[in-house]
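Chain by chain, the residues run as shown.
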Amino acid sequence: MERLKRIRVVLIDDHTIFREGMISLFQAIHDIDIVGEAADGAEGIDLIERERPDVALLDINMPGLNGIDAGRIIIDRFPRVSVVILTAYDYVQYVREVVRMGAKGYLLKTASVDEIAAGIRKAHTGEPVLDPSITKQLFEAFGTQGTAQFSRITPRELEVLALIADGLSNAVISERLFITQKTVETHIGSILSKLGASNRTEAVRTASELGLVAGERLR
C-alpha cells in the first residue's frame, strides 16, 4: 500500500515560543510535517529556497521583511508554494492586501491546531481559506448591504475580483491562480451576477463601494 504523501510546511514567525509550540503540536498531525522554521521574512525566503515546501505559514508583523512583503516575493519566486498568513491581527485592510497578493489563506493564531491543519490542507489543494472570525469582521465593515452581497461571493471569487481590480487580464489571472481561463470566465460571470454589474469596470466600482477592494486600485 502506497504511503500517504505528507504536506511539507515551513513556519515563518518571529516568536520563538510560538514556533516551538506549533512544532510540538503538529507532531501529532499525521499528514503534515513542519520541515523548517524562520524568524523573519528574509530568513523564511532562504528557507523556502532550500526546502521547497508545499505550504508557507507566515506571520505579518516581523522585523525586517514583514509577512505581506515576504509573501509577495514567495508567490512570485515559488508559485507552487501556497502562502497562508497566520497572525494575531484581524484587520480588514490586512485581509484585503493578502487576497490581492495571491495568498491562499488568512488564519488567526486563536484558531485551534486542528483548524490550522484543516486550513493547510485546503491551501495545499488550492482552496482559499479564511478564518470565520475574519468573515464576521468583513461583514461588520461592509454594513448591511455589503454583508448581503459579500455573503454570496465565494473566497475564490474574492481572489478573482481583487485581481480584476488590479487590472489583470483573464489570461494572467488564470496563471496567477492556476486555473483555466474558462474557469476565470465562469467566476467573473458569477461575480457580475452577484454584484448586479454588467461589466468588469462596474463590478470593481461596486466592490470598491462595498469595501471588497480598495478604491485606489480602480483604473
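Heads up: the structure comes first, above all this text.
This one's a predicted model, so the numbers in the text were calculated from it and none came from an experiment. (Residues numbered from 1 in each chain as written. Predicted model: local features only at pLDDT ≥ 70, side-chain atom pairs only at ≥ 80, totals over all residues. Heavy atoms only, no water.)

## Quick look at the nonpolar core
- Ile12, Ile48, Leu58, Ile74, Met101, Tyr106 and Ile173 are the most contacted members of the largest nonpolar core, which has 47 residues in total.
- Examining the composition of this core, we find that seven residues originate from one element, helix 7 (residues 155-165), more than from any other.
- Residue contacts for isoleucine 74: discarding those within four places in its chain leaves Ile12, Ile45, Ile48, Leu58, Pro79, Val81 and Val83. (Core = buried A, V, L, I, M, F, W, Y, C linked by side-chain atoms within 4.5 Å. Buried < 20%, exposed > 50% of the residue type's maximum accessible area, 1.4 Å probe, protein only. Helix = DSSP H or I, 4+ residues; strand = E, 2+ residues; numbered from the N terminus. Contact = heavy atoms within 4.5 Å.)

## Section: the pattern of salt bridges
- If you walk through the whole model with that rule in mind, you get 13 salt bridges.
- The salt bridge partner of aspartate 13 is lysine 109, with a shortest N-O separation of 2.7 Å. One end of the pair, aspartate 13, is in the loop between strand 1 (7-12) and helix 1 (16-26); the other, lysine 109, is in the loop between strand 5 (105-108) and helix 5 (113-124), with 96 residues separating them in the sequence.
- The exposure class of aspartate 13 is buried, given its relative accessible area of 1%.
- Residue class for lysine 109 comes out partly exposed when judged on its relative accessible area of 23%.
- Three or more residues are tied together by salt bridges with common partners; here these are Asp13, Asp59 and Lys109. (Salt bridge = Lys/Arg side-chain N within 4 Å of Asp/Glu carboxyl O.)

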